[in-house]
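Read off the chains here:
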Amino acid sequence: MSLPPKQDITLWAGDTDAAARMFTFAAAALPAFDFAEPFFVALVARPLSGYDAAAELPSENFAVTAGGGKVTIAADFSPFFGRFRAAGYSLKISQSGRVRTLCHGTITMVGEQ
């Protein structure tokens, strides 16, 4: 098994249009998941400095579509505005007790804070 891909994200704090990000994965890379059945997507961010607690995007901040051999996850990062300047994150999917990390990286906030 290989490590999940690294995808760094830069957001302009306070800009709602810039808060949306799309992640696309080949469905073949997720053979254990049946997207016709219920599943859960989670993104947890841990600030890289200071003692702030980890933050998780609520499930309503994701829109997932599957089809045509790919899975696309749209994420709205606006709940993170003002929470940290930089954080490490991981994006995970779970279903029936199986958990898979889809990608990881750093979220960097620039601009108004």
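So, here's what we can say about the structure. Keep in mind the model is a prediction, meaning the values are calculated, not measured.

We now examine the nonpolar core. In terms of nonpolar packing, the biggest core is built from 27 residues, with Phe-23, Phe-77, Phe-80, Leu-91 and Ile-107 touching the most fellow members. If you list the elements that add at least two residues to this core, you get strand E1 (9-13), strand E2 (20-26), strand E3 (40-47), strand E6 (70-76), strand E7 (86-95) and strand E8 (98-111). Sequence-distant contacts of Phe-80, defined by excluding residues within four places in its chain, comprise Leu-43, Ala-45, Ala-55, Glu-56, Leu-57, Ile-107 and Met-109.

Take the packing of aromatic side chains next. In this structure the tally under the stated criterion is five aromatic pairs. Seen in terms of ring centroids, Phe-80 and Phe-84 are 5.4 Å apart; in terms of plane orientation they differ by 55°. Their pairing is tilted. The exposure classification of Phe-80 matches that of Phe-84, with both residues buried. One aromatic cluster is present, built from ring pairs that chain together Phe-33, Phe-35 and Phe-39.

The next thing to look at is the pairing of E6. Where E2 meets E6, seven bridges bridge the pair, whose relative direction is antiparallel. The partner of Thr-24 across the bridge, within E6, is Thr-72. Between the antiparallel neighbours strand E5 (residues 62-67) and E6 lie two residues, among them Gly-68 with a positive phi of about 60°.

Relative to the assigned elements, Thr-72 resides in strand E6. Under the relative-accessibility criterion, Thr-72 is labelled buried at 11%. Once you skip the residues sitting within four places of it in the chain, Thr-72 turns out to touch Met-22, Phe-23, Thr-24, Ala-63, Val-64 and Thr-65.

If you walk across this open sheet you meet the three strands as E2-E6-E5, and the pairing is antiparallel. Of all strands in the sheet, those with a lone pairing partner are E2 and E5, marking the two edges. On average, adjacent strands in this sheet sit at an angle of 15° to one another, irrespective of strand direction.

Attention now goes to the environment of Phe-33. Mapped onto the secondary structure, Phe-33 falls in the loop between E2 and E3. Apart from residues lying up to four places away in sequence, Phe-33 is in contact with Ile-93, Ser-94, Gln-95, Arg-98 and Arg-100.

According to the stated counting rule, one finds one salt bridge in the structure shown. Between Asp-8 and Lys-6 there is a salt bridge whose closest N-O contact spans 3.9 Å. Residue classification places Asp-8 among the exposed positions, given a relative accessible area of 52%. By relative accessible area, which is 53% here, Lys-6 ends up exposed.

On to the side chain of Ser-90, then. When you line up the elements, Ser-90 lands in strand E7. For Ser-90, the residues in contact, after removing those within four places along its chain, are Ala-42, Leu-43, Val-44, Thr-101, Cys-103 and His-104.

Conventions and cut-offs
Residues numbered from 1 in each chain as written. Predicted model: local features only at pLDDT ≥ 70, side-chain atom pairs only at ≥ 80, totals over all residues. Heavy atoms only, no water. Core = buried A, V, L, I, M, F, W, Y, C linked by side-chain atoms within 4.5 Å. Buried < 20%, exposed > 50% of the residue type's maximum accessible area, 1.4 Å probe, protein only. Helix = DSSP H or I, 4+ residues; strand = E, 2+ residues; numbered from the N terminus. Contact = heavy atoms within 4.5 Å. Phe/Tyr/Trp six-rings, centres within 6.5 Å; stacked < 30°, edge-to-face > 60°. Pairing = 2+ DSSP bridges. Axes fitted to C-alpha atoms, helices over the stretch in contact; angles between N-to-C directions. Salt bridge = Lys/Arg side-chain N within 4 Å of Asp/Glu carboxyl O.

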